[in-house]
Amino acid sequence: MMNIDEQSVAIRTRPCGTRCLPALWASVAAFFAGCADEAKPPAPPQPQHNVILISIDTTRADHLSCYGYPAKTSPYIDAVAAAGVRFERAQTTNPITLPAHSSMLTGTLPPTHGVRDNYNYKLDDSQVTLAEMLSDNGYQTAAFVGAFPLNSLFGLDQGFDVYDDEIPKQGLYELAERRAEEVTDAAVAWLDERDRQPFFMFVHYFDPHSLYRAPLRFATQHIDVPYDAEIAYVDDSLGVLLAKLKELDLYDSSTIIITSDHGEGLEEHGESTHTFFIYQSTAHVPLVIKSPMATAGTVVETPVSIIDIVPTLLELLDIEPPAHLQGIDLGPALRGEPLADADRPTYTESLVPTMFGCAPLRGIVSGSWRYILSPRAELYDLRADPSELNNLIEAEPETAEQLRQRLLDLTSAATQAAAEVATQSLADEERAKLQSLGYLGGEVRDEVELREDMSDAKDFIDAYQRLMKADGMFAAGQREQAKAVCRELLAEQPGIFKAHMLIAKIAHTSKQRDEAIDSYTQALAILDADRRDAGGVSSVTASEAALAFRSLGALLRERNGAGDLERARDVFERGLADFPNDARFSRGLGAVLIDLAARPQAGLKRSELVNRAIELLEEVLVEQPDDADATNNLGVAHTLLGNYERAAEYFEATLELKPDHPNARRNLDAVREAAAAGGS
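The notes below deal with the structure included here.

About the thresholds
- Residues numbered from 1 in each chain as written.
- Predicted model: local features only at pLDDT ≥ 70, side-chain atom pairs only at ≥ 80, totals over all residues.
- Heavy atoms only, no water.
- Pairing = 2+ DSSP bridges.
- Helix = DSSP H or I, 4+ residues; strand = E, 2+ residues; numbered from the N terminus.
- Axes fitted to C-alpha atoms, helices over the stretch in contact; angles between N-to-C directions.
- Phe/Tyr/Trp six-rings, centres within 6.5 Å; stacked < 30°, edge-to-face > 60°.
- Buried < 20%, exposed > 50% of the residue type's maximum accessible area, 1.4 Å probe, protein only.
- Salt bridge = Lys/Arg side-chain N within 4 Å of Asp/Glu carboxyl O.

Taken in spatial order, the four strands make up an open sheet running β13-β14-β15-β16, and their pairing is antiparallel. Every interior strand has two partners, whereas the edge strands, β13 (346-350) and β16 (378-381), have only one. In this sheet, adjacent strand axes meet at a mean angle of 15° when their direction is disregarded. Where strand β14 (residues 361-366) and strand β15 (residues 369-373) come together, five bridges link them in antiparallel fashion. In the sheet register, Ile364 faces β15, and the bridge partner there is Tyr371.

Before going further, it helps to spend a moment on the packing of aromatic side chains. Under the counting rule described, the total for this entry stands at 16 aromatic pairs. Taken together, a centroid distance of 5.6 Å and an interplanar angle of 65° make the contact between Tyr212 and Tyr227 edge-to-face. Of the two residues, Tyr212 is situated in the loop between β7 (199-205) and α8 (216-221) and Tyr227 in helix α9 (residues 226-247); the sequence distance between them amounts to 15 residues. Note on Tyr212: relative accessible area 25%, which makes it partly exposed.

As a further point, take the pattern of salt bridges. One pass over the full model with this rule turns up 37 salt bridges. The salt bridge partner of Glu268 is Arg60, with a shortest N-O separation of 2.9 Å. Of this pair, Glu268 sits in the loop between β8 (255-259) and α10 (280-283) while Arg60 sits in the loop between β1 (51-56) and α3 (75-83), and the two are 208 residues apart along the sequence. Assessed through its relative accessible area of 30%, Glu268 is described here as partly exposed. A relative accessible area of 4% means that Arg60 is categorised as buried. Among the ionic pairs, Arg86 bridges to Glu88, the shortest N-O distance being 2.3 Å. For the residue pair Arg86 and Glu88, the accessibility class agrees, reading buried in each case.

Pasting the structure below:
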């Protein structure tokens, strides 16, 4: 058995010197402090120079020519690598766009910066980005992003003078992304128009993300691997940007970094795209740094992380790095010298499996070892087994235990260092943009401790892939095919909440109301069973449960014109009990109670129903005073009680809030007529 200390001899290293980067607090310094070289005379200060950080989304390092890939996918990236330093074993922190870029631009891990998924998160204002650090030091800052997951809505615009996230609306799939050439055109135009130096420019290309639809010239060159065609297309567009830098005499004097947020599964380990697993197919990313201070042609074998980009740039620019950074300075490697701590663990996580009741995935790379914590933990020797096919967890128990403890300590330290976590509820159109890019949606859970009842993510990958397939079909307009995939999955595993919800959503948007009602009902039955089996705790997320209650209640209220009002009332009552602070349930229940009160058979219960509705709707207006529907329904409620003057006030208020409200004008005319006929 080869233990960690013995194996680290195979990595280029030398003893830690006397100076270490500061950590966030003393209790976590051991994990995030990077040690610099042994004491030596300080280098002369470097003049400020420009920085260009290029992130090519969803790009596997092993599909770039400079990383040994046999196809010629990346001649322009190759040229930058030849002129600079290529890091052979760079790792992301999370295989999802927003969390990974949050790490890339803050120099911190996801448990610290708090962004764990594309949905429901944003980078909190308390986090300090690279753009803010450079702006404070006189840099002009600009960003050009290729897709909605990096929209300013999610907080990454902090510190940028220009944040260009304009996405043209050209169709379903283009709704949330733009082509590489459009990103390049925007960046080139800014370079021509900028008014000062030095500058920091962040450029984000999205094209290698599925679906793979490269322009014909590239698609025909890589006809067997459409993913490669997208990389080649981005590389070509990147060539235009690099040519502009040369034209402006900025190329040689600038620091240029090319990297990615994550890779792509391409069916390895059963994963076709990314987000779910943290194997090297999605965790291993390119990292190339060309700088006036870099030794051209250097290749670094030591594992590094995308969180090392920020401290490295700050050291290159002679800017004091903030104490909270968790990455290390890669400056020694740029000078052709070994990094001090070759055994430093690099961290990667995916919480997406927790959406389905599975345990989260956390892992580290240390030396040549890859350890993944899960109910059935995994250990791989990446030098002998780069594809991670031979799990050594039983053959190397001591190494596995050492790495497990290092991972737990690292996770604990990063969590202790966490500041504010900003969450948000996305609007339906914003969620639709993410879904059009292949993100299923839901809420992830930060389960630090593994519980006995947690499933292993490896056991759910087939179901996950089928859900992804169905969701992609739905986005492409193949509605019936998508439902068929879900039904096949449910025939084998009837308890998958998301499959029922996807059928319900498809049926609902297709106006197949009875099928939608049946599917939402089955989804809520799974929620109830899940809660019973787990003692009140469910793997179904709060947002998904709330959506099921709201959608089912609304459909039942509208059913067959007259509505299935008693069932609708029951559903909204249950939803309100679960989500007492969600005004949408108070509004929905209030509307149903008014419908019940308006029926002839309401009789003596009419006053009771209406008064409860008024109470609920007034609560809505306390929280949301501009809610036109709640205001209109209060008018209807007072009409039922014969309070025509009060009712008219509510209808008039509704029209002030929403002049084109579909019912308020008619209701106001009716109540005025009733008042004129002798009502109160």
